[in-house]
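So you can see what is in the structure, the chains are spelled out below.
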2 protein chains.
Amino acid sequence: MRSYGQYCGLARALDIVGERWTLLIVRELLMGPRRYTDLHQGLPGIATNLLATRLADLEEAGLLAREDAPPPVATTLYRLTPRGEELRPVIEALGRWARPLMAQGIKGDAFRAEWLTLPAQLYLADREPDRAATVIEVRTGDQPVVIEARDGAIRTRMGSAEDADAVITARPDIALALLLGRIDLPTARARGLKLEGNQRALRRFKPA
Amino acid sequence: MRSYGQYCGLARALDIVGERWTLLIVRELLMGPRRYTDLHQGLPGIATNLLATRLADLEEAGLLAREDAPPPVATTLYRLTPRGEELRPVIEALGRWARPLMAQGIKGDAFRAEWLTLPAQLYLADREPDRAATVIEVRTGDQPVVIEARDGAIRTRMGSAEDADAVITARPDIALALLLGRIDLPTARARGLKLEGNQRALRRFKPA
DNA sequence: CAGCATCCGCTTTGATACTG
DNA sequence: CAGTATCAAAGCGGATGCTG
């Protein structure tokens, strides 16, 4: 554990969460407790030994705790402690700063549908908070995601929606550009996006 | 420039500002334009070649720009671009998260008076916004700092105050603990703190 | 002296293989 | 499934040298 050796809040924070991969591990755990294998799959590119040492460091720093999963599965789960959860505003601030970076397209980068949660929460707002909920399903590759506008808030969850108002199938950067109004529907379609259901559902979402 | 290669805002942000020392350089520049030598002194422990490459990376990423200082000095200044300034909320979020870490005392860490700016802004509030300004000078070692409560806001600046209501001379962790109300004045005095002037001036400040 | 670039020993990281 | 072991490559810290 190398330290900056400075009596400065930023430096001490970075002593704990500033190493490579650490905040990305926290990102994964902010979506709920995970098994080692889940984390490894959610962090493409990380070496397994690094993941193991980071988890040990985070546990020692009091940001996460191991726990035994309930009987049927009987494995180890990693869960953020309250102190670890307190990093959410940090990750949100970085996520907001990153908005222009997401507009640059996916290039050759890896992508997991779970990662849509962050931009959906940070970049989208509900244009019509007083109307009944609008639900869309987004299919970008590995897993479908449900994005829902309800009561002025945006919620996301993994999985399919029986009652989706619309279903988008597209590359993640195209889907995001459409939802954020950076491109219009014809342009998105020209870039391979498929839309089923009621296309008016999209208007429910506006850039935050 | 190593990349995580993930289409995720957090990962892309960390591709740019996640390397060692980078956010600490931004911390320095958030306090105003600096010369190379100022930066080197404000970042105890950084290797000079690392500072040079980080500055080049930050310039290429559009977060800072070099400029020539006005005639009398005639040197190069490094200044954050607007995009670089937008990192302020990120550093503030990390600074807030670090609050318990600052309570752990200075241990053997290096300290610069300028670093008091962050905790003063983030951890202190004005208890009596309607009264005339209260000004205190804090002497912690290298340079004096002025902390001022005025109109409900906390301001800091480097230097001395002619008209200070009180002057504190102490180790930075002791001064901070006193201002934040974590220890009382007798305890602080027992730990070597000296207070001149009106000790009621301290009551103007409360923990944020 | 300010502003780097170069070199060297050490630490961290990444890729892969292996184990209970 | 959940890691540990191994080793090469990259990154870092410190010292020193170069250039205006």
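Procedures and definitions
Residues numbered from 1 in each chain as written. Chains lettered and ligands numbered in written order. Predicted model: local features only at pLDDT ≥ 70, side-chain atom pairs only at ≥ 80, totals over all residues. Heavy atoms only, no water. Helix = DSSP H or I, 4+ residues; strand = E, 2+ residues; numbered from the N terminus. Buried < 20%, exposed > 50% of the residue type's maximum accessible area, 1.4 Å probe, protein only. Contact = heavy atoms within 4.5 Å. Areas by Shrake-Rupley, 256 points an atom, 1.4 Å probe, with all protein chains shown as cover. Lys, Arg positive; Asp, Glu negative; His and termini not counted. Charge placed at Lys NZ, Arg CZ, Asp CG, Glu CD. Buried area = accessible area lost by both parts, 1.4 Å probe. Salt bridge = Lys/Arg side-chain N within 4 Å of Asp/Glu carboxyl O. Polar contact = N/O pair within 3.5 Å; in protein donor to acceptor, adjacent residues only side chain to side chain. Nonpolar A, V, L, I, M, F, W, Y, C, P; charged D, E, K, R; others polar. Pairing = 2+ DSSP bridges. Least-squares fit on C-alpha atoms with pLDDT ≥ 70 in both. Axes fitted to C-alpha atoms, helices over the stretch in contact; angles between N-to-C directions.

(A) Region of interest: the overall build of chain A. Along chain A, the regular secondary structure elements total 10 helices and nine strands. Expressed as lengths along the three principal axes of its C-alpha atoms, the size of chain A is roughly 55 × 45 × 35 Å. In chain A, buried positions account for 50% of the 208 residues. When contacts within chain A are restricted to residue pairs at least 6 apart in sequence, long-range pairs at least 24 apart make up 59% of them. Total accessible area on chain A stands at roughly 9,700 Å², and carbon and sulfur atoms take up 48% of it. Positive and negative side-chain charges in chain A, numbering 30 and 27 respectively, have mean positions lying 6 Å apart.

(B) Broad picture of the interface of chain B and chain A. Each partner contributes to the interface: chain B provides 49 residues, whereas chain A provides 49 residues. Taking both partners together, chain B and chain A bury about 4,600 Å²; carbon and sulfur atoms supply 66% of that area. Applying the counting rule to chain B against chain A returns two salt bridges. With a shortest N-O distance of 2.9 Å, Arg12(B) and Asp109(A) are connected by a salt bridge. At the junction of chain B and chain A, the tally comes to 21 residue pairs in polar contact (both at pLDDT 80 or more). Put simply, the parts of the chain that give the side of chain B that touches chain A at least two residues each are α1 (9-17), α2 (22-30), α6 (88-97), α7 (99-102) and α9 (172-179) of chain B. Tallying contributions element by element places α1(B) first for the side of chain B that touches chain A, with eight residues. The residue inventory of the side of chain B that touches chain A, partitioned by class, reads 33 nonpolar, seven polar and nine charged.

(C) Quick look at the side chain of Arg34(A). Residues and elements named next belong to chain A. You can see Arg 34 is positioned in the loop between α2 (22-29) and α3 (36-42). Since its relative accessible area comes to 15%, Arg 34 is described here as buried. Apart from the residues within four sequence positions on either side, Arg 34 is in contact with Glu 28, Leu 29, Leu 39, Thr 76, Leu 77, Tyr 78 and Glu 114.

(D) Expanded view of the pairing of strand β5 (residues 144-150) of chain A. Residues and elements named next belong to chain A. Across the seven residues of β5, five count as buried, placing the element largely inside the fold. With six bridges joining them, strand β4 (residues 134-139) and β5 adopt antiparallel strand pairing. Directly across from Thr 134, in β5, lies its bridge partner Ala 149. Note that β5 and strand β6 (residues 153-158) share six bridges and pair antiparallel. In the strand pairing of β6, Glu 148 is matched with Arg 155.

(E) Quick look at the relation of the copies chain B and chain A. Rotating chain B by 180 degrees and moving it 0.0 Å along the rotation axis overlays it on chain A with an RMSD of 0.0 Å. Taken together, these values place the two copies in the relation of a two-fold axis. Within chain B, the C-alpha atom positioned nearest to the axis of rotation is that of Val90(B), 3.1 Å from it. A share of 100% of the interface residues of chain B reappears at the interface of chain A, consistent with the copies meeting face to face through the same patch.

(F) Here's a closer look at the sheet that holds strand β5 (residues 144-150) of chain B. Residues and elements named next belong to chain B. If you walk across this open sheet you meet the five strands as β6-β5-β4-β7-β8, and the pairing is mixed. On the outer flanks of this sheet lie β6 (153-158) and β8 (194-197), each paired with one strand and no other. Along the sheet, successive strands turn relative to each other by an average axial angle of 20 degrees, direction set aside. With four bridges connecting them, strand β4 (residues 134-139) and strand β7 (residues 166-169) associate as parallel partners. Within the sheet, the bridge partner assigned to Val 138 lies in β7 and is Ile 168. In this fold α9 packs onto β4, β5 and β7, with an angle of close to 135 degrees to the strand it touches most, β7.

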